[in-house]
Amino acid sequence: MTEGTARLLFICTGNFYRSRFAEAVFNHRAEAEGLPWRAFSRGLAIHMIEGDLSPWTREALEARGIPLDRTGPTRLPLTQRDLLRADRVIALKEDEHRPLMERHFPLWSDRIQYWHVHDLDQADAERALPEIEGLVEELIAELEGD
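Residues numbered from 1 in each chain as written. Predicted model: local features only at pLDDT ≥ 70, side-chain atom pairs only at ≥ 80, totals over all residues. Heavy atoms only, no water.

Trainee: What am I meant to see in the pattern of salt bridges here?
Mentor: Where side chains of opposite charge bring their charged atoms close, a pairing between them can arise. With the rule as written, the count across this model stands at 13 salt bridges. Between E94 and R98 there is a salt bridge whose closest N-O contact spans 2.8 Å. Here E94 and its partner R98 are both found in helix 4 (residues 94–104), four residues apart, which amounts to about one turn of the helix. A relative accessible area of 22% places E94 in the partly exposed class. In this structure, R98 engages D110 in a salt bridge whose closest nitrogen and oxygen atoms are separated by 2.6 Å. You can see R98 sitting in helix 4 and its partner D110 sitting in the loop between helix 4 and strand 4 (113–114), a full twelve residues away along the chain. With a relative accessible area of 65%, D110 lands in the exposed category. A cluster of three or more residues bridged by salt bridges with shared partners is formed by R18, E96 and D119. (Salt bridge = Lys/Arg side-chain N within 4 Å of Asp/Glu carboxyl O. Helix = DSSP H or I, 4+ residues; strand = E, 2+ residues; numbered from the N terminus. Buried < 20%, exposed > 50% of the residue type's maximum accessible area, 1.4 Å probe, protein only.)

Now the structure itself:
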């Protein structure tokens, strides 16, 4: 990351599906628009998932022509250091992630933005991933206006 680049942190539960998709889409779009932002992603409970990247995320990125290097190589747990080095933090679903933030990072739970994107238990990838993509597009437009 170059000096002067702002950091955006996406948080989800396993850092396997939603946050990794948001990270890759954001990085791809921010680079294309010349925005001085770079996203990274982390998970609040990565022990709950096995593997490096969701097959739904991989397929959706490939279908959009977004290289896999726009997301990190593997899942990583959220740390205090991650929160401190981020200029902006977004968790992918408030109902799911606020309680985990309150438990593990109580001083941060009210300092981050929450989206409302369901995980696979409540919405299939064909619905959730385009929703994330739309939210990322709105975010890109907002940052372009700053």
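Trainee: Would you explain the sheet that holds strand 3 (residues 88–91) in this entry?
Mentor: Strand pairing within a sheet occurs via backbone hydrogen bonds; the two strands may be parallel or antiparallel. Spatially, four strands are ordered 2-1-3-4 in an open sheet, and the strand pairing comes out parallel. Single-partner strands in this sheet number two, and they are strand 2 (37–43) and strand 4. Where strand 1 (residues 6–12) and strand 3 come together, four bridges link them in parallel fashion. Across the sheet, L8 pairs through a bridge with R88, a residue of strand 3. (Pairing = 2+ DSSP bridges.)

Trainee: What exactly am I supposed to notice about unusual backbone geometry here?
Mentor: One can expect most non-glycine residues to show negative phi and most peptide bonds to be in trans. If you check the backbone angles, N15 has positive phi at about 55° while not being a glycine. Turning to its location among the elements, N15 is positioned in the loop between strand 1 and helix 1 (18–33).

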